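An overview of the molecular structure
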Amino acid sequence: GLELSHCVGAGSLGPPVPWRSGGPCKMKRVRTVFKPEQLERLEQEFLKQQYMVGTERVDLAATLHLTETQVKVWFQNRRIKWRKQSMEQKKAKLTQFGVIQPATADSTDIKDHEEDTVDVEL
């Protein structure tokens, strides 16, 4: 679930830093660790549809004992991974048929770096 660690920056690391102006210290969100069963079900749902919205997302979150936001963010991250894999497969096919050279960099490489994973929760 969503957990926040206590006062990052306190002690020898320096003074506490306000976090979204909501408190006396910066709170760092602990990364969600999904159980294998949750990941398997999320992957199954992703294979059916890449976008999960509305009541489907609420129901899936409840079934997996996750928050709706965790499911939403997982799907966002998974779509980014899927797009990157698709681009790599296309490049491999083009390289195999001699259409492009293996070391060629193009604008899609730049776009991939701009779309790094999203790991945000409210």
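In this text, all values refer to a predicted model and were calculated from it rather than measured experimentally.

**Examining the pattern of salt bridges**
- Throughout the structure, instances matching the rule amount to 4 salt bridges.
- Through salt bridges with shared partners, a single ionic network connects Arg41, Glu45 and Lys48.

**Side note on a nonpolar patch on the surface**
- A contiguous nonpolar patch, built from Leu94, Phe97 and Val99 and spanning about 320 Å² of accessible area, is present on the exposed surface.
- Considering the arrangement of structural elements, one finds Leu94 in helix α3 (residues 68-96).
- Given a relative accessible area of 36%, Leu94 falls into the partly exposed group.

**Topic: the confidence of the model for the chain**
- Per-residue pLDDT for the chain has a mean of 77; in total, 62% of the residues score no lower than 70.
- Across the chain, element-level confidence peaks in helix α1 (residues 36-48) with a mean pLDDT of 97 and bottoms out in helix α4 (residues 107-114) with 47.
- A low-confidence stretch, residues 9-14 stays under pLDDT 50, and its non-local contacts, those more than four residues away or across chains, total 3 contacts.
- Within the model, pLDDT remains below 50 along residues 107-115, and this stretch shows 9 contacts once partners closer than five positions in the same chain are excluded.

**Regarding helix α2 (residues 54-64)**
- All of the buried residues in α2 are Arg57, Leu60, Ala61 and Leu64. All buried residues of α2 lie within an arc of 100° about the axis, which places them on one face of the element. Turned more than 90 degrees from where α2 packs its buried face, Thr55 and Ala62 sit exposed.
- Buried residues along α2 sit in contact with α1 and α3.

**Structural notes on the side chain of Gln38**
- Mapped onto the secondary structure, Gln38 falls in helix α1.
- Residue classification places Gln38 among the buried positions, given a relative accessible area of 9%.

Reading the values: rules and limits
- Residues numbered from 1 in each chain as written.
- Predicted model: local features only at pLDDT ≥ 70, side-chain atom pairs only at ≥ 80, totals over all residues.
- Heavy atoms only, no water.
- Salt bridge = Lys/Arg side-chain N within 4 Å of Asp/Glu carboxyl O.
- Patch = residues over 30% accessible without salt bridge, like charges linked within 9 Å, V, L, I, M, F, W, Y side chains within 5 Å.
- Areas by Shrake-Rupley, 256 points an atom, 1.4 Å probe, with all protein chains shown as cover.
- Helix = DSSP H or I, 4+ residues; strand = E, 2+ residues; numbered from the N terminus.
- Buried < 20%, exposed > 50% of the residue type's maximum accessible area, 1.4 Å probe, protein only.
- pLDDT = per-residue confidence, 0-100.
- Contact = heavy atoms within 4.5 Å.
- Arc of directions from axis to C-beta.

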